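Understanding the architecture of this molecule
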Amino acid sequence: MAVSSLNERIIQCKKCRLWQDSKQAVPGEGPLNAKVILIGQNPGAEEDKVGRPFVGRAGKFLNKVLAANGINREEVFVTNIVKHLTLQNRVPLPDEIAACVPYLCAQIDLIKPKVVVLMGKIAWQTPRRDDILFIETVHPSAAMRFTKMRQRFEEDFASLAKFL
Ligand code: URA
């Protein structure tokens, strides 16, 4: 499927309840030939406002860790397992994840990256693909708050540089 029709389907999606309380879907962004895909949980309020992933506090932290490892945010594809905001930033429910995950699988199949970084336990539910390395790390919001998690996050991103 072409990326434009995939994005259109995501933008129009009403397969679960989440569209009702959000301003817009956030499909994700980045080059279609990206070697690395970064996957978070779902957009927050800032992302919902502008329609782009990881533009709030967690996104600024993520950009900093990428830059510290010589990785340009523009060279990676960034998205979420769930494409709509959840109210009060609650964890997406299993049926919401199940409804949304085919879009993520289609994005992975279209981009065919070398590595997929799953940020946080919800993103760890992403179905795996052969011939792609899946790295499970913590969510940047947790890495911002807890030293141990920050260390793990920084180590995992340091290991990414060799794929770019
Ligand atoms: N947290 C996420 O998991 N995704 C975003 O896009 C922003 C914050």
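Residues numbered from 1 in each chain as written. Predicted model: local features only at pLDDT ≥ 70, side-chain atom pairs only at ≥ 80, totals over all residues. Heavy atoms only, no water.

**Focus on the sheet that holds strand β1 (residues 36–40)**
The strand order across the open sheet formed by 4 strands is β2-β1-β3-β4, and the pairing between neighbours is parallel. Only two strands of the sheet have a single neighbouring strand rather than two, namely β2 (77–80) and β4 (133–137). When strand polarity is set aside, the average angle formed by the axes of neighbouring strands in this sheet is 20°. One ladder, built from 4 bridges, connects β1 with β2; its direction is parallel. Looking across to β2, one finds that Ile39 is bridged to Thr79. Helix-sheet contacts for helix α6 (residues 147–160) involve β1, β3 (115–119) and β4, and the interaxial angle to β4 is about 160°. (Pairing = 2+ DSSP bridges. Helix = DSSP H or I, 4+ residues; strand = E, 2+ residues; numbered from the N terminus. Axes fitted to C-alpha atoms, helices over the stretch in contact; angles between N-to-C directions. Contact = heavy atoms within 4.5 Å.)

**Re the site of the ligand**
Taken together, Gly40, Gln41, Asn42, Pro43, Glu47, Pro53, Phe54, Asn80 and His139 make up the full set of residues adjacent to the ligand. Contact distances for the ligand include 2.7 Å between a nitrogen atom and a side-chain N or O atom of Asn80. Coverage of the ligand by the protein chains reaches 91% of its 230 Å² of free accessible surface. Classifying every residue of the shell around the ligand by side-chain character gives 3 nonpolar, 5 polar and 1 charged. (Near = heavy atom within 4 Å. Polar contact = N/O pair within 3.5 Å; in protein donor to acceptor, adjacent residues only side chain to side chain. Areas by Shrake-Rupley, 256 points an atom, 1.4 Å probe, with all protein chains shown as cover. Nonpolar A, V, L, I, M, F, W, Y, C, P; charged D, E, K, R; others polar.)

**Here's the deal with the packing of helix α3 (residues 57–68) against α6**
Look at α3 against α6: their axes get within 9 Å of each other, and the N-to-C directions meet at 50°. Comparing the axis directions of α3 and α6 gives the class oblique. Crossing hand, α3 versus α6: right-handed. Facing Phe61, Leu62, Val65 and Leu66 of α3, the residues of α6 in contact are Arg150, Phe153, Glu154 and Phe157. Among the residues forming the contact of α3 with α6, the class breakdown is 6 nonpolar, no polar and 2 charged. (Parallel < 35°, antiparallel > 145°, perpendicular 65-115°, else oblique. Left-handed = near helix turned anticlockwise from the far one by under 90°.)

**Examining the state of the cysteines**
Here the structure, examined in full by the defined rule, presents 0 disulfides. A disulfide-free cysteine, Cys13 has its sulfur positioned 6.2 Å from the sulfur of Cys100, the nearest such atom. With no disulfide of its own, Cys105 lies closest to Cys100 among cysteine sulfurs, the gap being 10 Å. (Disulfide = S-S within 2.5 Å.)

**Comments concerning the nonpolar core**
Formed by 26 residues in total, the largest nonpolar core has its most connected members in Ile37, Ile39, Ile81, Ile108 and Val116. Within the residue set of this core, elements represented by two or more residues are α1 (3–12), β1, α4 (94–111) and β3. No other element matches α4, which puts 8 residues into this core. Residues contacting Ile108, with those up to four places away along its chain left out, are Ile37, Ile39, Pro113, Thr126, Arg129, Ile132 and Phe134. Grouped together as the second largest cluster of nonpolar side chains are 20 residues, Val65, Val115, Phe157 and Leu160 included. (Core = buried A, V, L, I, M, F, W, Y, C linked by side-chain atoms within 4.5 Å. Buried < 20%, exposed > 50% of the residue type's maximum accessible area, 1.4 Å probe, protein only.)

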